[in-house]
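A structural walkthrough
Here's the letter readout for the chains.
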Amino acid sequence: MTTPPAPAPARPAPLAIAALALGVFGIITTEMGVIGVLPRLAERLHTTPATTGWLVGAFALTVAATGPVGVLLASRLPRKAVLATALAVFAVSNAVYALAHSFPLLLAFRVLPALFHPVFFALALTAATRLAPPARQARAATTVFAGVTAGFAFGVPLTSYLADHLTLPAAFWSAAAVNLLACAAILAFFPDLPDTARPTYRGQLRILRRPRLWASTTAVTLVFAAMFCGYGYIAEYLEHVTGLDASLTGPALMAFGILMTAGNLAFGRLLERGLTRTATAYPLLYLALYLLIDTTGPHLAPMLATLLLWGALHGGGLTTAQAWLAQDATDAPEFGNSLFISFSNLGITLGTTTGGLIVTTTGPRHLPLAAAALAAAALAAVLLRRRLGPAPVPGAGAGVGAESGARHEQGQRTAPATP
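Being a predicted model, the structure only gives us computed values, none of them experimental. Along each chain, the written sequence defines residue order, and numbers are assigned to residues from 1. In view of the model being predicted, local features appear only for residues whose pLDDT reaches at least 70, and side-chain atom pairs are presented and counted only at 80 or more, with totals across whole chains, interfaces and linings using the full set of residues. Side-chain figures throughout are based on the complete set of non-hydrogen atoms in the structure, without hydrogens or water.

Quick look at the overall build of the protein
Going by this rule: Numbering of helices and strands starts at the N terminus; helices are DSSP runs of H or I of at least 4 residues and strands are runs of E of at least 2. Using the Shrake-Rupley algorithm and a 1.4 Å probe, accessible areas are obtained, with residue cover drawn only from the displayed protein chains.
On a plain count of helices and strands, the protein comes out with 17 helices and zero strands. Approximately 15,800 Å² of the protein is accessible, and the part contributed by carbon and sulfur atoms is 70%.

Digging into the side chain of Arg-40
Heads up, the rule is: Contacts were defined at the residue level, with two residues in contact if any of their heavy atoms lie within 4.5 Å.
The residue Arg-40 is located in helix H2 (residues 38–45) in this model. Once residues within four sequence positions are removed from consideration, Arg-40 is found in contact with Ala-163, Asp-164, Leu-168, Glu-239 and Ala-246.

So, the packing of helix H12 (residues 249–273) against helix H14 (residues 300–326)
Heads up, the condition is: Orientation is described by lines fitted to C-alpha atoms, with helices fitted over the stretch in contact, and by angles between N-to-C directions that extend from 0 to 180 degrees. Any angle between 65 and 115 degrees counts as roughly perpendicular, while under 35 counts as roughly parallel, over 145 as roughly antiparallel, and the rest as oblique. For any pair of crossing helices, the crossing counts as left-handed if the nearer helix is rotated counterclockwise from the farther one by less than a right angle, and right-handed if it is rotated clockwise.
Close contact between H12 and H14 brings their axes to 6 Å; oriented N to C, the two are set at 45°. Relative to H14, H12 is oriented oblique. Judged by the sense of rotation from one axis to the other, the crossing of H12 with H14 is right-handed. When H12 is examined against H14, the residues Ala-252, Ala-255, Phe-256, Leu-259, Met-260, Gly-263, Asn-264, Phe-267, Gly-268 and Leu-271 are found in contact with a partner set consisting of Leu-307, Leu-308, Trp-310, Gly-311, Ala-312, Leu-313, His-314, Gly-315, Gly-316, Thr-319, Thr-320 and Ala-323.

Points about the nonpolar core
Side chains of a nonpolar character, in soluble globular proteins, are inclined to be buried together. Worth spelling out the cut-off: Take the buried Ala, Val, Leu, Ile, Met, Phe, Trp, Tyr and Cys residues and link them wherever side-chain atoms come within 4.5 Å; each set so joined is a nonpolar core. Exposure classes here rest on a 1.4 Å probe applied to the protein chains alone. A residue is buried below 20% of its type maximum, exposed above 50%, and partly exposed in between.
One finds Leu-20, Phe-120, Phe-224 and Trp-310 to be the most contacted residues of the largest nonpolar core, which totals 116 residues. By residue number, the principal contributor to this core is helix H10 (residues 211–231), which donates 12 residues. Beyond its immediate sequence surroundings of up to four residues, Leu-20 is in contact with Leu-83, Phe-120, Ala-124, Ala-127, Ala-128, Val-144, Ile-186 and Phe-190.

Quick word on the pattern of salt bridges
Our working rule: When a carboxyl oxygen of Asp or Glu is within 4 Å of a side-chain nitrogen of Lys or Arg, the pair counts as a salt bridge.
If you walk through the whole model with that rule in mind, you get three salt bridges. In this structure, Arg-40 engages Asp-164 in a salt bridge whose closest nitrogen and oxygen atoms are separated by 2.5 Å. A residue pair is termed long-range when its members are at least 10 positions apart, and Arg-40 in helix H2 and Asp-164 in helix H7 (residues 137–165) qualify at 124 residues. Across the pair Arg-40 and Glu-239 runs a salt bridge whose closest N-O atoms are separated by 3.5 Å. Of this pair, Arg-40 sits in helix H2 while Glu-239 is found in helix H11 (residues 234–242), placing the two residues 199 residues apart along the sequence. Classification of Arg-40 as buried rests on a relative accessible area of 16%. The exposure class assigned to Glu-239 is buried, which follows from its relative accessible area of 17%.

Points about a nonpolar patch on the surface
Filter applied, for reference: For patch building, the residue pool is restricted to those with more than 30% relative accessible area and no salt bridge; the joining distance is 9 Å between like charges and 5 Å between nonpolar side chains (Val, Leu, Ile, Met, Phe, Trp, Tyr).
On the surface, Trp-54, Leu-61 and Leu-346 cluster together into a nonpolar patch covering about 240 Å² of accessible area. Relative to the assigned elements, Leu-346 resides in helix H15 (residues 333–361).

Details of helix H13 (residues 275–296)
In plain terms, the rule: Take the residue count of a helix, subtract one, and multiply by 1.5 Å to get its expected span. The angle between axes fitted to the seven residues ending at a residue and the seven residues starting there is what we call the bend at that residue.
The first and last C-alpha atoms of H13 sit 31 Å apart over 22 residues, in line with the 32 Å expected at 1.5 Å per residue. Of all bends in H13, the biggest is about 25°, found at Tyr-282, and the proline Pro-283 comes one to four residues later.

Some remarks on the environment of Leu-307
Tracing the chain through its elements places Leu-307 in helix H14. Ignoring anything within four residues of it in the chain, the contact list for Leu-307 reads Ile-234, Leu-238, Ala-252 and Phe-256.

Observations regarding the packing of aromatic side chains
Keep this limit in mind: To pair, rings of Phe, Tyr and Trp, with the six-membered ring standing in for Trp, must have centres within 6.5 Å; the planes then decide the type, stacked if under 30 degrees apart, edge-to-face if over 60, and tilted in the middle. Charge over a ring is defined by NZ of Lys or CZ of Arg lying within 6 Å of the ring centre and within 35 degrees of the ring normal.
Within this structure, the stated rule accounts for 12 aromatic pairs. Aromatic pair Tyr-231 and Phe-256: ring centres 5.1 Å apart, planes at 25°, arrangement stacked. Highlighted residues: Tyr-231 in helix H10 and Phe-256 in helix H12, separated in sequence by 25 residues. Residue Phe-256 is classed as buried on the basis of its relative accessible area, which comes to 1%. Centroid distance Tyr-282 to Tyr-286: 5.6 Å. Interplanar angle 70°. Geometry classified as edge-to-face. In this pair, Tyr-282 and Tyr-286 are both assigned in helix H13, four residues apart and thus about one turn of the helix distant. Note on accessibility: Tyr-282 and Tyr-286 belong to one class, buried. Among the aromatic side chains, those forming a connected cluster through ring pairs are Phe-224, Phe-228, Tyr-231, Phe-256, Phe-267, Tyr-282, Tyr-286, Tyr-290, Trp-310 and Phe-340. The ring of Trp-324 carries Arg-385 above its face, with NZ or CZ at 5.7 Å from the centroid.

A closer look at the packing of H13 against H14
Spelled out, the test is: Polar here means any residue other than Ala, Val, Leu, Ile, Met, Phe, Trp, Tyr, Cys and Pro, which are nonpolar, and Asp, Glu, Lys and Arg, which are charged; Gly is therefore polar.
The geometry of H13 relative to H14 is characterised by a closest axis approach of 10 Å and an angle of 155° between their N-to-C directions. Between H13 and H14, the crossing angle belongs to the class labelled roughly antiparallel. The chirality of how H13 crosses H14 is left-handed. The segment H13 lies against H14, with Leu-275, Thr-276, Thr-278, Ala-279, Tyr-282, Leu-285, Tyr-286, Leu-289, Tyr-290, Leu-292, Ile-293 and Thr-296 engaging Pro-302, Met-303, Thr-306, Leu-309, Trp-310, Leu-313, His-314, Gly-316, Gly-317, Thr-320, Ala-323 and Trp-324. When grouped by side-chain class, the residues that make up the contact of H13 with H14 number 16 nonpolar, eight polar and no charged.

Some words on unusual backbone geometry
At His-46, a residue that is not glycine, the phi angle is positive and equals roughly 60°. With respect to the helices and strands, His-46 occurs in the loop between H2 and helix H3 (49–52). Using a relative accessible area of 74% as the deciding quantity, one classes His-46 as exposed.

Side note on helix H1 (residues 14–33)
Over its 20 residues, H1 runs 27 Å from end to end, which matches the ideal 28 Å to within 8%, given 1.5 Å per residue. Summarising burial for H1: 16 of the 20 residues are buried, a large majority.

Re the side chain of Thr-242
Operational definition: Pairs of N or O atoms within 3.5 Å make up the polar contacts considered here, provided that, within protein, one atom can donate a hydrogen while the other can accept it, and that residues adjacent in sequence are counted only when both atoms are side-chain atoms.
Position of Thr-242 relative to the elements: it lies in helix H11. Judged by its relative accessible area of 7%, Thr-242 is buried. A distance of 2.8 Å separates a polar side-chain atom of Thr-242 from the backbone oxygen of Gly-297. Beyond its immediate stretch of four places on either side in the chain, Thr-242 contacts Tyr-237, Gly-297, Pro-298, His-299, Leu-300 and Met-303.

What follows is the structure, given as structure tokens:
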């Protein structure tokens with residue numbers, strides 16, 4: 001006779017959840033922090049902006065290619081060991097960024113932590129919900145993934161600020177310290193969770209048979225491509241098109257990040273009122289935004305005002321895209337989260353690659369129009385997914401039940417938080 005799994009703790013473990021949130025913050029800072037210092041990295045490495053942009057694109061492509069497989073394999077390993085190992089790898093990688101002057105070496109240490117990115121995110125979400133009683137699971141996950149927007153709001157601009165006012169290595173050493181601190185916190189405060197029955201590999205992979213799921217992943221890919229075609233080269237655009245002084249890039253990115261946090265909260269509420277309407281409106285709004293950026297970009301004051309609007313809209317992308325995909329994976333949420341992480345990072349790769357080609361061939365002035373084209377393609381993909389009808393939900397009918405399941409899953413993964 002087998003012994004039943006031990007029950008989850010009766011109340012959340014605040015320090016363990018805080019450690020997970022700090023880990024998410026460190027990972028996002030590592031992944032996206034290079035965006036604000038790409039021009040300085042290009043100078044140090046003696047490479048073009050497009051080539052240096054592969055430090056962003058290669059990370060995202062690795063996450064996209066390996067995420068679901070990595071999450072499936074890691075699902076049977078001890079959570080605490082996997083989470084701590086992932087953060088240690090991120091800390092070491094930042095140390096390499098601080099010391100190395102070789103582009104191939106930096107590129108290799110962008111690929112290595114990217115292997116652990118989706119694993120940490122998917123397992124951290126599951127762990128957070130297990131650390132809380134049912135009534136507070138969404139709140140626990142919200143706390144963890146608040147690290148996503150905190151990374152954009154503070155980690156990315158802080159990296160740029162330290163690079164401008166101290167040194168480029170100082171920026172990366174600070175990110176290494178955050179990841180190392182989070183690793184120590186996981187080891188100190190994260191409990192050894194009891195084993196629970198897990199869904200079979202076959203059961204999780206069964207969702208891949210659904211045409212709706214593939215339409216949703218296409219939409220997620222194109223939404224993120226549109227977002228990061230412009231955002232991936234935002235420092236380049238602000239400095240060379242708008243004429244913003246390089247020393248002000250960090251504060252501008254911090255303002256962008258703060259508005260991104262507010263936008264994430266706002267879109268979370270909109271999704272509660274209507275997932276389909278919000279997901280359809282999102283790429284349409286981004287299309288209009290990029291046309292506005294194309295108009296205001298060369299003018300400092302109007303562009304700074306537009307930058308705030310850009311940040312608010314950018315903040316809704318994570319929540320909206322994840323909720324849109326989650327409605328087709330309610331019976332395999334952990335695997336569905338890994339698909340979201342993979343395809344969103346595939347979109348980041350597509351967007352940064354497209355942006356890099358534009359910067360190299362025609363200059364950053366034409367970035368908004370290229371990104372607008374991707375936003376239009378994303379809108380078409382969302383409309384195609386709508387034509388395929390509502391997604392079925394286990395134990396519930398389609399339609400309203402599907403949206404309810406998607407809202408619940410969206411709340412667990414990102415709200416009000418973000419591979």
